[in-house]
There are 2 protein chains.
Amino acid sequence: MTTSSEKPSRPRLDLTADVVTLTRQLMDINSVSLEERAIADAVEQELTAYDHLVVERRGNAVVARTDLGRRERVVIAGHLDTVPVNGNFPSRLDEATGILHGLGACDMKSGDAVILKLAATLEKPNRDVTYVFYDAEEIEAVHNGLGKLAASEPDLLAGDFAILMEPSNAGVEAGCQGTLRVEVRTTGERSHSARAWRGVNAIHKAGEVLRRLEAYEPRKPVIDGLEYHEGLNAVFVSGGVAGNVIPDECVVTVNYRFAPDRSEEEALDYVRGFFEGYDITVTDSSPGALPGLDRPAAKAFVDAVGGEVGPKFGWTDVARFTVLGIPAVNYGPGDPMFAHKADEHVRISEITSCEQALRDWLSA
Amino acid sequence: MTTSSEKPSRPRLDLTADVVTLTRQLMDINSVSLEERAIADAVEQELTAYDHLVVERRGNAVVARTDLGRRERVVIAGHLDTVPVNGNFPSRLDEATGILHGLGACDMKSGDAVILKLAATLEKPNRDVTYVFYDAEEIEAVHNGLGKLAASEPDLLAGDFAILMEPSNAGVEAGCQGTLRVEVRTTGERSHSARAWRGVNAIHKAGEVLRRLEAYEPRKPVIDGLEYHEGLNAVFVSGGVAGNVIPDECVVTVNYRFAPDRSEEEALDYVRGFFEGYDITVTDSSPGALPGLDRPAAKAFVDAVGGEVGPKFGWTDVARFTVLGIPAVNYGPGDPMFAHKADEHVRISEITSCEQALRDWLSA
């Protein structure tokens, strides 16, 4: 016998709720990268209840499709994972200001909520729609759920145009910067720290690596009228053997965000030159995506939702659609400046305006 | 029924073997700090077999005493733990060169073997002897087995003179440098690494900390005719949140080795001044010990074993005996320059010469 108390730990997700409530429900399910099982279970289970959707699950990715035989198919996608908790879980709604605070508010549980709400309520959209929810966007590319689908079952992602609901202030952001991660390694020789002059301190040698990073001046190329903004940053540093041993290795992990006029190879050449004299190991690389605003499907969407088009600084999975030959843009609620920050938040008016604009476009 | 195969994993330790074989047996029992149970069990069990010794166990420390009512009592001590394995386990004897290689060769399984051999064979020494084997010397002072004995049962360590068998090239090394560990912390503000200009990179800020360390010039004061040699080194560095997050904290752990003319307080003042502008947290502090060669018991021992007296660079537990009011020196086989290094080794001639010199002094 099944009773309501049988699965007390099942996350609460109610697709009949309004899109802001739905955003909070998604935010309150912890889904730090590689821990997306609970949220994917909830999304899959709720969508399966709708007869107008064909739902498929791959790992912790969920794909739901209409199959109305429309002339055009649009893919609308969002990732379910977040960066680590930073004193900002669970969600907190400030009703006075209309601002929703907490981890995932803009990156990107609000975008996910819009997609879920459209999937549940648009029984007969004017274009066929493939709704995609996936895992592991916030970590190394090798784990990326969308990347795995693109590699193993590209037909599941087929379409004429794709919208990625990454935060873009409820406006259209085109293209995206690429991202490269390398380990910069210094080596030395161990000795007892009481006789340090017999060893070589690898951590001290990393001082020059950090000094170069501190002096770095970002490149800001203009492409299709959009100004990009590069970045070169240490994201991890580690070294040390024991409290009384001169360390013989230190590793600085560096993340280079490069504008889409540079290929992955050019980006790596630049980083190798920047750290000349140091041992470099590539751990992660993803290409950028050119704005692509000259493509007809992109133009049509931009005309429909209106507003000014801006450049996308953060790497997003629009680059994966570009590789599959599908024009794609970023369009979602929230200011990306607050993504990954302790004070992450989103204006609830942007959540509802994104939902309305997409609903209008898919219902016209 | 007990059979020889009942405890196949018991380490082999045979006190009737020669002192070099005994050194190898001790080296081949893995005893990285906090993992000394097996070696302490073996030492306790073997010594308990001798009627001329009263053996006591405290945690992983073992104390064996003669009780002959002699006018003078000497304490001979060694630690049983080692730094982490570094591709140098187990022992390897090069018979052609007479050099024994491997972890603990000089720091300080060879010294331990000398103590064990004397304990087993000197039934009626001319002075009462307290043989002390203890744990956790290579890590933070709070774990130190000798420190715990000194705090809880100082009577167990009572004596007129103490010899610590830390490596000193089979010569007498007097005094020791103090050691202070601090964490130097930089802070910043997290943001997405694609929009790094919205955050503050704490790892980049640590570059200045490492730059100062690289430029450090060691002080080399002369005390009682002995030249000491200070050192200031990063022994750990860590920072980072995620591969796409600008890190908001970086911690550099620094070890200051200071000559015994500086107190712990003076050492800390120096380090605070050196890292002015940075947040400093003390994690470990132990005082140095002045040479103390003016004390009669120290003079008598030095005269008996002969040779030139040198300064001790490394912190050793002579400082604990100094605090208890017991004059103490370092005297043991092996070159301390090779302690904590991958190529740690000891000349077997130094092991046998130390054993002989102590045996002669205690038998005269």
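Note that this is a predicted model, so its numbers are computed, not measured.

A.B. asks: Could you clarify how one ought to interpret the confidence of the model for chain A in this entry?
C.D. replies: A low pLDDT score tells you not to read the predicted coordinates there in detail. Residue and element names in this part refer to chain A. Mean pLDDT over chain A: 93, with 97% of residues reaching 70 or higher. In the model, residues 1-8 has pLDDT below 50 throughout and makes one contact with residues more than four positions away in sequence or in other chains. In the predicted complex, the global pTM is 0.72; the interface-specific ipTM is 0.72.

A.B. asks: Honestly, the sheet that holds strand E5 (residues 99-101) of chain A in this entry has me stumped. Any pointers?
C.D. replies: The strands making up a sheet associate through backbone hydrogen bonding, with each pair oriented either parallel or antiparallel. All names here are of chain A. Strand order across the open sheet formed by three strands is E4-E5-E17, with antiparallel pairing between neighbours. Edge positions in the sheet fall to strand E4 (92-94) and strand E17 (345-347), since each of these pairs with one other strand and no more. Adjacent strand axes in the sheet meet at a mean angle of 20 degrees, parallel and antiparallel pairs treated alike. Of the strands in this sheet, E5 and E17 are in contact with helix H3 (residues 105-121), which crosses E17 at around 50 degrees. Relative to E17, helix H9 (residues 348-363) is tilted by about 60 degrees, and along the sheet it contacts E4, E5 and E17.

A.B. asks: Which parts of the structure should I look at to understand the relation of the copies chain A and chain B?
C.D. replies: Here the two chain copies are tied together by a rotation about an axis and a shift along that axis. With an RMSD of 0.1 Å, chain A superimposes on chain B once it is rotated by 180 degrees and translated 0.1 Å along the axis. Taken together, the rotation angle and the small translation identify this as a two-fold axis.

A.B. asks: Help me understand the pairing of strand E7 (residues 161-164) of chain B, please; the structure alone is not making it clear to me.
C.D. replies: Across a regular strand the side chains alternate sides, sitting on one face of the sheet and then on the other. Residue and element names in this part refer to chain B. In E7, alternate side chains face the same way, and those of Phe 161 and Ile 163 on one face and Ala 162 and Leu 164 on the other are all buried. Where E7 lies against strand E16 (residues 328-331), three bridges are found, and the strand directions are parallel. When the bridges of E16 are listed, Ala 162 appears paired with Ala 328.

A.B. asks: Before we go on, may I ask you to explain the packing of aromatic side chains in this structure?
C.D. replies: Note on aromatic pairs: each is described by the distance of the centres and the angle between the planes. As enumerated under the stated definition, the model contains 20 aromatic pairs over all chains in all. Here Phe 161 of chain B and Phe 301 of chain B contribute two aromatic rings whose centre-to-centre distance is 5.4 Å and whose plane-to-plane angle is 50 degrees, an arrangement assigned as tilted. Of this pair, Phe 161 of chain B sits in strand E7 while Phe 301 of chain B sits in helix H7 (residues 296-305), placing them 140 residues apart in sequence. The structure contains a cluster of three or more aromatic residues connected by ring pairs, namely Tyr 216, Tyr 256, Phe 258, Tyr 270, Phe 274 and Phe 275 of chain A. One Lys or Arg, Arg 262 of chain A, reaches over the ring of Tyr 270 of chain A and ends 4.8 Å from the middle of that ring.

A.B. asks: Can you walk me through the environment of Asp 28 of chain A in this structure?
C.D. replies: Residues and elements named next belong to chain A. Turning to its location among the elements, Asp 28 is positioned in the loop between helix H1 (19-27) and helix H2 (37-47). Of the residues examined, Asp 28 reaches a relative accessible area of 35% and is grouped as partly exposed. Taking the C-alpha atoms as reference, Asp 28 lies 9.7 Å from Ile 39; in sequence the two are 11 residues apart. For Asp 28, the residues in contact, after removing those within four places along its chain, are Phe 89, Pro 90 and Ser 91.

A.B. asks: I keep staring at the pattern of salt bridges and nothing clicks. Help me out?
C.D. replies: A pair can form between side chains of opposite charge whenever their charged atoms are brought close. Within the structure shown, the criterion is met by 39 salt bridges over all chains. Its salt-bridge partner being Arg 58 of chain A, residue Glu 56 of chain A comes within 3.0 Å of it at the nearest N-O pair. We note a salt bridge from Asp 284 of chain B to Arg 181 of chain B, for which the minimum N-O separation is 2.3 Å. On the criterion of sequence distance, the pair formed by Asp 284 of chain B in strand E14 (residues 279-286) and Arg 181 of chain B in strand E9 (residues 178-187) is long-range, its members being 103 residues apart.

A.B. asks: Just checking my understanding: could you explain the packing of helix H3 (residues 105-121) of chain B against helix H9 (residues 348-363) of chain B for this structure?
C.D. replies: Working note: a packed helix pair is described by the angle between its axes plus the distance between those axes. Residues and elements named next belong to chain B. The contact between H3 and H9 brings their axes to 10 Å, and the two run at 40 degrees. The hand of the H3/H9 crossing is right-handed. Contacts between H3 and H9 involve Ser 110, Val 114, Lys 117, Leu 118 and Thr 121 from the first element and Ile 351, Cys 354, Glu 355, Leu 358 and Arg 359 from the second. For the contact of H3 with H9, the class distribution of residues is five nonpolar, two polar and three charged.

A.B. asks: Just to check I follow, could you spell out the interface of chain A and chain B for this structure?
C.D. replies: When the parts of a complex come together, some accessible area is lost, and that lost area is often used as the size of the interface. Contact residues are listed per partner, giving 57 residues for chain A and 55 residues for chain B. In this assembly, chain A packs against chain B so that about 4900 Å² is buried in total across both faces, 58% of it on carbon and sulfur atoms. Considering only the side of chain A, the residues that lose the most area to chain B are Arg 195, Trp 197 and His 204 of chain A, jointly responsible for 13% of the buried surface there. Across the contact surface, chain A and chain B share two salt bridges. Lys 341 of chain B is the partner of Glu 189 of chain A in a salt bridge, and the nearest nitrogen-oxygen pair spans 3.2 Å. Counting the contacts that link chain A with chain B gives 26 residue pairs in polar contact (both at pLDDT 80 or more). Elements with a contribution of two residues or more to the side of chain A that touches chain B: helix H5 (202-215), strand E12 (231-240) and strand E13 (249-258) of chain A. It is E12 of chain A that contributes the most residues to the side of chain A that touches chain B, nine residues altogether. Residues of the side of chain A that touches chain B, tallied by class, amount to 27 nonpolar, 18 polar and 12 charged. The pairing of E12 of chain A with strand E12 (residues 231-240) of chain B spans five bridges and is classified as antiparallel. Residue pairing for E12 of chain B: Phe 236 of chain A is matched across the bridge by Gly 240 of chain B.

A.B. asks: Looking at this model, I keep getting lost on H5 of chain A. Mind explaining?
C.D. replies: The periodicity of an α-helix, 3.6 residues per turn, causes residues three or four places apart in sequence to face the same way. Residues and elements named next belong to chain A. Here H5 is 14 residues long and its end C-alpha atoms lie 21 Å apart, about the 20 Å a rise of 1.5 Å per residue gives. Taken as a whole, H5 has its buried residues at Ala 202, Ile 203, His 204, Ala 206, Gly 207, Val 209, Leu 210 and Leu 213. Between the side-chain oxygen of the N-cap and the backbone nitrogen of Ile 203 there are 2.9 Å, and the N-cap of H5 in question is Asn 201.

A.B. asks: In this structure, what is going on with the domain arrangement of chain A? I would like to understand it.
C.D. replies: All names here are of chain A. According to the domain assignment, chain A contains domain 1 (19-176 + 289-363) and domain 2 (178-286). Taking only C-alpha atoms, the centre of domain 1 and the centre of domain 2 are 32 Å apart. The interface is formed by 17 residues belonging to domain 1 together with 13 residues belonging to domain 2. Counting the surface domain 1 buries against domain 2, the share from its top three residues, Pro 291, Phe 313 and Trp 315, is 41%. Here domain 1 and domain 2 share zero salt bridges between them. Viewed at the interface, domain 2 and domain 1 are joined by two residue pairs in polar contact (both at pLDDT 80 or more). Its residues placed into classes, the side of domain 1 that touches domain 2 shows 11 nonpolar, four polar and two charged.

A.B. asks: I would appreciate a short explanation of the nonpolar core in the present structure.
C.D. replies: Here is a general trend for soluble globular proteins: nonpolar side chains tend to be buried in one another's company. By size, the foremost hydrophobic cluster in this structure holds 52 residues, and its most contacted members are Leu 47 and Tyr 131 of chain A. With sequence-adjacent residues up to four places away left out, Tyr 131 of chain A is seen in contact with Leu 53, Val 62, Val 63, Ala 64, Thr 66, Ile 76, Ile 115, Leu 118, Ala 119 and Leu 122 of chain A. Core analysis: the second largest hydrophobic core is formed by 51 residues, Val 20, Ala 113, Val 302 and Tyr 331 of chain B among them.

A.B. asks: Whenever I open this one, helix H4 (residues 145-152) of chain B confuses me. Can you help?
C.D. replies: Among the residues of H4 of chain B, Gly 145, Leu 146, Gly 147, Leu 149 and Ala 150 of chain B are the ones counted as buried. Residues of H4 of chain B that are buried make contact with strand E1 (54-58), strand E2 (61-65), strand E6 (128-134) and helix H8 (318-323) of chain B.

What counts, and where the lines are drawn
- Residues numbered from 1 in each chain as written.
- Chains lettered and ligands numbered in written order.
- Predicted model: local features only at pLDDT ≥ 70, side-chain atom pairs only at ≥ 80, totals over all residues.
- Heavy atoms only, no water.
- pLDDT = per-residue confidence, 0-100.
- Contact = heavy atoms within 4.5 Å.
- Pairing = 2+ DSSP bridges.
- Helix = DSSP H or I, 4+ residues; strand = E, 2+ residues; numbered from the N terminus.
- Axes fitted to C-alpha atoms, helices over the stretch in contact; angles between N-to-C directions.
- Least-squares fit on C-alpha atoms with pLDDT ≥ 70 in both.
- Buried < 20%, exposed > 50% of the residue type's maximum accessible area, 1.4 Å probe, protein only.
- Phe/Tyr/Trp six-rings, centres within 6.5 Å; stacked < 30°, edge-to-face > 60°.
- Lys NZ or Arg CZ within 6 Å of the ring centre and 35° of its normal.
- Salt bridge = Lys/Arg side-chain N within 4 Å of Asp/Glu carboxyl O.
- Left-handed = near helix turned anticlockwise from the far one by under 90°.
- Nonpolar A, V, L, I, M, F, W, Y, C, P; charged D, E, K, R; others polar.
- Buried area = accessible area lost by both parts, 1.4 Å probe.
- Polar contact = N/O pair within 3.5 Å; in protein donor to acceptor, adjacent residues only side chain to side chain.
- Expected span 1.5 Å × (residues − 1).
- Domains from an automatic or database assignment.
- Core = buried A, V, L, I, M, F, W, Y, C linked by side-chain atoms within 4.5 Å.

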